[in-house]
Amino acid sequence: MKRLHVHVAVTDIPSSIPFYAKMFGCGPTILKGDYAKWQLEDPKVNFAISARGAPMGINHLGIQVENNIELEEMKMRLDTIDEGVIEEMGTACCYAKSDKYWVNDPAGIPWETFHTLDTIPVFNTAQSGDDACCVPPTLTAVSVASITKKSCC
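Calculation rules
- Residues numbered from 1 in each chain as written.
- Predicted model: local features only at pLDDT ≥ 70, side-chain atom pairs only at ≥ 80, totals over all residues.
- Heavy atoms only, no water.
- Pairing = 2+ DSSP bridges.
- Helix = DSSP H or I, 4+ residues; strand = E, 2+ residues; numbered from the N terminus.
- Axes fitted to C-alpha atoms, helices over the stretch in contact; angles between N-to-C directions.
- Contact = heavy atoms within 4.5 Å.

### Looking at the sheet that holds strand β8 (residues 110-119)
Here is step 1 of the chain: Pairing is mixed across the open sheet formed by 8 strands, whose spatial order is β2-β3-β4-β1-β5-β8-β7-β6. A strand with exactly one partner marks an edge of an open sheet, and here the two such strands are β2 (30-32) and β6 (86-93). Put simply, the sheet's adjacent strands are angled 20 degrees from each other on average, direction ignored.
Here is step 2 of the chain: Judged from the 6 bridges that link them, β6 and strand β7 (residues 96-104) form a sheet pairing that is antiparallel. Bridge pairing links Cys93 to Ala96 in β7.
Here is step 3 of the chain: Against the sheet, helix α1 (residues 13-24) contacts β1 (3-9), β2, β3 (35-41) and β4 (44-50), and its axis sits at roughly 10 degrees relative to β3.
Here is step 4 of the chain: Helix α2 (residues 68-81) contacts β5 (57-65), β7 and β8 of the sheet and is inclined by roughly 15 degrees relative to β7.

Okay, here's the thing in structure tokens:
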């Protein structure tokens, strides 16, 4: 079973949590000083916020899968729509070790398809000092303000 993943960059975790906790009717499943995640069943969403220096707004979207077979199926789909799929196997990000594939959608929003393998005690293991978030450097996270707004749905 697949789960939608939404990751939003915020300026402050403690002041952001009450809004989302009230919206979802529960507190975060995982809470760190710079990160919070709700693993929701209704709606089936992995929703995360982080305060790591990325521009405020939507950082990336994604689809979380439950096993390697589903991940490979998603990889085949991505290969049919984008020849620039970025592969990250065993990567450390968002307090988890995961296998991932990344693409940008036509609006420029990064999408990750991933299978979480384990939890880890650190946000990531970036050596470069640029650990704002997990989006590969060849893809660019976009903020809500940079997406053209329409007057309605």
